[in-house]
Amino acid sequence: MGTGMDMRETVMKKNIEKKIHATRKIVRIFLCAGLCLLASAGLKAQTVPLYTRWVNYTQANGFPPGEVFCVTVDGDRVWAGTEHGLVLIEQGHIKKIFTTKDGLVSNVIMGVAVDHKSGDVWIAAFGGASVYSGGQFRNYTSMSSGLANDLVYAAAVQGEYIWLGTAAGASRLDTRDGSWTIFNETNAPFNEPWVYSLAVTPGKVYIGAWGGGVVAYDLAHHTWRPYTDPDGEMEIVLYRNQGLIHNIVSSVVYNADTKMFWASTYFGLSGYDGRNWHNYLTKDSGLASNFVNAVRSRGNAVWACTQDGLSELDYAHNAWVTYRPNSKTGRGEILMTAPDGKQRRLTTPTAPAHNYILSMDFQGEDIWVATAQGLSHGIPERNATKISNAEKIKEKSHESKRD
Amino acid sequence: MSTALAFSLRRKMLMSAAFALVAALLLQELWHGTQTAAAASSPTPAGHPLPYLSPVAMQISPDGRWLYVVCQDGDRVLAVDLRTRQVVRQMSVGHRPGGIAVSDDGHTLYVTSEWQDEVDVIDADHFTVLRKLATGAGPAGVALDRTGKTLYVANTLSDDVSLLDLATGTERKRLVAGRFPEYVTASRDGRFLYVSNLLVRGPADQPPVSELTVIDAAQQTIAARVAIPGVIQMRTIAEMPTNAGGALLVPFMRPKNLNPLVQIHQGWYLTHGMAVIEPPHAEARSSQKFRVTEVLLDGLNQSYADGFGAVVSPDGRWALVTASGADVVSVINTAKLNAIVHATPAAQFELTADRLDLSSEFVAQRLQTGKNPTAVVVAPDGKTAYIANRMDDTVSVVNLGTMQMEAPIDLGGPKSVTRLRHGAQLFYSARYCQQGQMACATCHPHGGLSDGLAWSLETPQLGRDVVENKTLLGIDGTAPFKWNGKNPNLETQDGPRTAAYIFRSQGFNKSEVEDLAGFILALRLPPGPHQSNKGQLTDAQARGRAIFYRTRTNTGALIPPQKRCYFCHSPYTHYTSRVLMNVGTATRYDTIQAFDVPQLEGVAMKPPYLHNGEAQSLEEIWTLFNPQDEHGVTSDMDKVQLNDLIEYLKTM
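Here the structure is a predicted model, which means the values were calculated and not measured.

Calculation notes
- Residues numbered from 1 in each chain as written.
- Chains lettered and ligands numbered in written order.
- Predicted model: local features only at pLDDT ≥ 70, side-chain atom pairs only at ≥ 80, totals over all residues.
- Helix = DSSP H or I, 4+ residues; strand = E, 2+ residues; numbered from the N terminus.
- Buried ≥ 20, exposed ≤ 12 C-beta atoms within 10 Å, placed from the backbone.
- Contact = placed C-beta atoms within 7 Å.
- Pairing = 2+ DSSP bridges.
- Axes fitted to C-alpha atoms, helices over the stretch in contact; angles between N-to-C directions.
- pLDDT = per-residue confidence, 0-100.
- Arc of directions from axis to C-beta.
- Core = buried A, V, L, I, M, F, W, Y, C linked by C-beta atoms within 7 Å.

> What's the story with the overall build of chain B in this structure? I'm lost.
Looking only at helices and strands, chain B features 13 helices and 32 strands. Here chain B, with 652 residues, has 52% of them falling under the buried criterion. The contacts of chain B with a sequence gap of at least 6 include a subset with a gap of at least 24, amounting to 54%.

Right, here's the structure in full:
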């Protein structure tokens with residue numbers, strides 16, 4: 001009997017253990033599945049395409065020599081402003097290089113803005129402004145129109161208004177009645193009215209001024225707000241996130257996704273979320289150089305066009321990637337910097353045309369980059385080969401940690 | 001109330017009504033007669049003009065039953081029943097209507113009011129205004145896109161095209177056109193809107209280049225700006241059907257304004273013709289792909305001045321182009337025209353553009369119309385064409401089967417002709433000029449504008465004293481005339497000077513000169529798009545006004561009176577001092593140094609500027625052509641101040 005009871009107890013215990021085991025197994029499976037989901041969600045947030053393939057347009061293949069000052073994507077078309085004219089690229093081919101012989105106001109092209117309402121292309125140039133419309137150019141200079149100055153650095157479209165950034169303030173053309181308005185130190189808080197950059201949002205126009213910081217114009221209330229070095233001394237912040245990092249602003253851009261504006265300066269990169277400043281220097285980030293010619297931003301990505309490469313900041317995760325050519329090998333170099341400062345280098349067969357980057361723009365997931373020696377088309381890794389920067393860096397922690 | 005009393009009251013009311021009607025008719029006749037008599041007995045027009053109609057635009061309903069006629073001076077739209085050829089309905093619309101479009105279902109009309117900056121949306125069945133849509137400044141031509149959802153309006157004064165969303169009644173956007181866009185039409189395939197521009201932009205010392213503005217209907221963006229070299233005054237656009245080649249036909253004037261007026265060879269100093277514009281294949285439309293050929297409608301010894309209306313028969317066999325100054329419609333054999341065009345090498349329009357012998361090869365008929373034919377339309381069945389005659393309020397009827405004129409349609413305008421109306425008829429007629437080459441309206445289109453060109457007019461030294469053509473709008477009280485001030489009055493200009501130097505003919509007789517001068521002096525400026533709202537100047541305009549009347553420079557130095565804006569441009573005399581002034585603008589090509597001070601009213605619509613038209617914008621008057629502060633003291637001003645001054649000037 002006793003033996004029979006023991007056997008029953010043993011069987012019951014085994015059954016119970018089996019059930020517990022099965023239950024634990026199910027729980028583990030669910031836990032694993034949950035972790036996988038969480039992990040995949042996390043990975044998705046961190047996934048940033050790496051640009052491993054570069055197609056360059058240089059003097060060698062018919063592109064004008066010298067610096068490319070700007071690049072603007074207009075659907076399938078790409079406009080590039082050079083020292084020797086305005087280049088139109090379609091389907092990967094140089095379709096036309098417009099010069100003064102075609103009616104352009106000048107051959108030195110600093111900025112391009114597309115008016116999607118009309119299809120017109122506005123061109124900022126050293127010599128005035130042009131609009132390319134229906135295959136014809138129409139020009140505006142300070143002699144023939146109300147344009148403030150003929151050194152025009154930037155163009156932007158705001159509804160019926162065309163904004164032009166000049167060396168003597170921002171000019172605004174009302175295309176409906178032809179009237180011009182000039183904003184300079186006499187009627188707006190410009191510490192210095194040398195306008196390098198313009199960014200239009202539904203509610204504001206941000207003006208980046210060389211030496212004048214960022215000046216925001218409220219479209220509804222017609223009021224101004226300057227953003228400059230907070231203590232007014234030395235044009236540069238004393239503490240990291242104290243304010244705009246420096247008054248010499250080369251570019252300003254507004255990111256509608258994060259509702260932040262970003263300003264590139266010759267002494268670092270600044271972002272402002274409406275409450276706090278977020279500043280970056282090479283010493284405490286993966287920014288390639290403090291000398292930043294231009295900034296672009298969308299989603300969580302902030303792109304800094306520096307004198308030593310194109311740096312991309314994953315703002316949400318504080319991870320950086322910099323693209324530039326290796327001066328010794330001529331191959332491409334990708335430098336990834338994790339939030340903790342650890343770095344990893346990758347090598348690619350192709351590279352941007354030059355490490356001195358002046359501007360960039362997006363074409364879907366592709367990017368177009370203006371450099372000191374040609375235009376570069378950056379093509380990301382396709383299909384399932386997208387790389388999570390943070391994960392990759394974590395997996396291969398043998399790389400050096402920056403100082 | 002008793003039945004008898006009610007009957008009595010009703011009878012009294014009926015009698016009163018009848019009496020009132022008779023009285024009104026008598027008064028109208030008395031007023032009518034007084035006006036005619038007053039005009040006939042007075043050397044200058046007096047009183048209000050009679051309600052002449054002056055038809056300038058037409059459309060036929062899709063079912064072919066109704067002819068809608070837009071009457072510019074009558075401020076109304078008429079409906080002619082084409083079965084009876086009688087006006088059966090009419091209604092008032094906004095001031096100075098100029099264009100009309102009809103919905104595909106025929107139930108809605110869209111009529112522009114050029115001087116009210118709006119479109120009247122009209123119920124075609126009941127002839128009532130449904131609503132009014134705001135446009136840009138000076139709306140003239142109007143067209144619907146293929147979907148019927150967007151209305152395109154050519155705004156002459158704001159140089160753009162309004163895209164009106166008919167669902168909301170609001171303006172969706174404006175697209176910049178060329179200069180003075182006057183006509184817009186949708187392409188047959190519905191993919192494009194074509195806009196013709198009356199005037200040109202560009203330096204006055206170069207041959208003009210006109211623009212055909214092409215709008216992508218799907219994208220609602222500018223698709224192309226097609227350059228039409230050497231011509232101005234692009235008018236109505238007619239598109240041939242695909243089976244006839246699909247080209248656009250656009251009447252134009254081809255000036256040779258930089259040649260001395262004595263030139264006779266190859267058409268004297270202006271000719272009339274049309275552009276034949278072949279759109280590229282559908283897959284590759286761009287400005288580079290449009291092929292332009294220019295042909296003249298003038299003959300070797302006879303001009304057909306002032307092309308205006310154009311239409312192509314539904315079968316594409318015939319094109320009709322009205323010569324509004326010649327009272328003629330030219331009927332063109334499109335097959336022969338196409339043969340000439342295709343025999344011309346691409347982009348070598350010069351080969352045909354000056355040939356006066358070519359028109360005899362493709363013009364099948366020259367038919368006499370009423371006075372000053374403008375718009376022309378063809379019935380959907382292709383059997384009949386109708387031509388609006390602005391200066392006699394009739395519609396000419398062309399039987400396209402026999403190529404004969406049928407009895408015209410009387411639109412019901414006054415039958416008597418006042419001296420003012422007579423002056424208008426003279427203004428638009430080219431028959432007083434040698435070989436019928438030009439009318440006053442040829443160089444002063446759209447009711448008296450400047451054509452914006454600099455002309456090498458009469459001078460003892462050929463090629464010198466090239467002068468910009470002046471506007472005729474709002475010039476009453478601004479004598480003397482001409483840049484050298486040698487016309488103390490219009491009678492001098494319109495009489496012997498026109499006869500001797502412009503028309504090279506006997507010109508007008510004394511009575512005709514008086515009527516013509518009276519008409520011209522009665523021309524008024526349209527409401528300006530820059531004029532301040534309810535008399536309130538904008539901040540910039542107010543600052544500009546202070547600069548206009550300033551007496552001291554920015555540094556406080558006293559400005560000599562003769563160098564203040566208002567000294568020469570006196571507000572008491574239409575902003576002119578009516579004397580000659582030397583403001584340092586003479587060049588080595590001028591034989592005089594001082595010029596008539598132009599009035600500033602309507603200055604915004606009068607580029608180019610200065611006596612020789614060398615300033616293409618108001619800014620250039622001071623930025624380029626006032627280096628010594630002789631044309632007012634302006635060198636101390638910055639760009640903000642100059643912009644403000646210009647904004648004020650635009651309000652005049």
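> Help me understand the overall build of chain A, please; the structure alone is not making it clear to me.
When helices and strands are counted, chain A shows two helices and 32 strands. Here chain A, with 403 residues, has 48% of them falling under the buried criterion. Looking at chain A alone, contacts between residues at least 24 apart form 46% of all its contacts between residues at least 6 apart.

> So what exactly am I meant to see when it comes to the interface of chain B and chain A here?
One frequently used descriptor of interface size is the decrease in accessible area upon assembly of the parts. Across the boundary between the two partners, chain B contributes 30 residues, which contact 21 residues of chain A. If one sorts the elements of the side of chain B that touches chain A by residue count, strand β16 (residues 221-229) of chain B sits on top with six residues.

> How should I be thinking about the sheet that holds strand β17 (residues 213-218) of chain A in this particular structure?
To summarise the sheet geometry, strands pair through backbone hydrogen bonds and adopt either a parallel or an antiparallel arrangement. Residues and elements named next belong to chain A. The strand order across the open sheet built from four strands is β15-β16-β17-β18, with neighbouring strands paired in antiparallel fashion. In this open sheet, the two edge strands, each paired with only one partner strand, are β15 (195-200) and β18 (223-227). For this sheet the average axis-to-axis angle between neighbouring strands, irrespective of direction, equals 20°. Where β17 meets β18, five bridges bridge the pair, whose relative direction is antiparallel. Note on β18: the bridge partner recorded for Y217 is W224.

> Before we go on, may I ask you to explain the confidence of the model for chain B in this structure?
Atom-level detail of predicted coordinates should not be read off regions where pLDDT is low. Residues and elements named next belong to chain B. Chain-level statistics for chain B give a pLDDT mean of 90 and a share of 90% at 70 or above. Long-range and interchain partners of residues 1-9, a stretch whose pLDDT sits below 50, account for one contact in this model, where long-range means more than four residues apart. Note on the complex model: pTM 0.87, ipTM 0.86.

> Whenever I open this one, the sheet that holds strand β22 (residues 318-323) of chain B confuses me. Can you help?
All names here are of chain B. One open sheet accounts for four strands, arranged β21-β22-β23-β24; its pairing is antiparallel. At either end of the open sheet lies a strand with only one pairing partner, and these are β21 (307-312) and β24 (363-368). On average, each strand axis in the sheet is inclined to that of its neighbour by 20°, with strand direction left out of account. Relative to β24, strand β23 (residues 328-333) is paired through five bridges, and the arrangement is antiparallel.

> Please clarify how the environment of B:T553 should be interpreted in this entry.
All names here are of chain B. Along the chain, T553 falls in the loop between α10 (539-548) and α11 (565-568). Residue classification places T553 among the partly exposed residues on the basis of 15 C-beta atoms within 10 Å. Once you skip the residues sitting within four places of it in the chain, T553 turns out to touch I559, V633 and D636.

> Any chance you could explain unusual backbone geometry here in plain terms?
Leave glycine aside and you will find that most residues have negative phi; peptide bonds, for their part, are mostly trans. All names here are of chain B. Each neighbour pair has its own omega, and for A479 with P480 the value is 10°, a cis peptide bond. With an omega dihedral of 5°, the bond running from P607 to P608 counts as a cis peptide bond. Phi is positive for F180, which is not a glycine, with a value near 60°. Relative to the assigned elements, F180 resides in strand β13 (residues 179-186). Look at K482: it is not a glycine, yet its phi comes out positive at around 75°.

> Before we go on, may I ask you to explain helix α2 (residues 334-343) of chain B in this structure?
Given 3.6 residues to a turn, an α-helix orients residues that are three or four positions apart in the same direction. All names here are of chain B. Of all the positions in α2, only T334, L337 and V341 are classed as buried. All buried residues of α2 lie within an arc of 60° about the axis, which places them on one face of the element. In this fold, the buried residues of α2 make contact with β19 (270-278), β20 (291-296), β21, β22, β23 and α4 (359-362).

> Mind showing me how you'd approach the nonpolar core here?
One recurring pattern in soluble globular proteins is that nonpolar side chains are buried together. Membership of the largest hydrophobic core comes to 163 residues, with the highest contact counts inside it found for B:V69, B:L249 and B:V250. In this view, B:V250 contacts B:S196, B:L212, B:M234, B:R235, B:I237, B:M274, B:A275, B:I277 and B:A310; residues no more than four positions away in its chain are not counted.

> What is the right way to read the pairing of strand β14 (residues 192-199) of chain B from this model?
Note on strand geometry: in a regular strand, side chains alternate between the two faces of the sheet. Residues and elements named next belong to chain B. Extensive coverage of β14 is indicated by the burial of eight of its eight residues. Pairing geometry for β13 and β14, over six bridges, is antiparallel. Within β14, the position partnered with A186 by the bridge is L193. Where β13 folds back onto β14 in an antiparallel hairpin, the turn is made up of five residues, including G190, whose phi is positive at roughly 80°.

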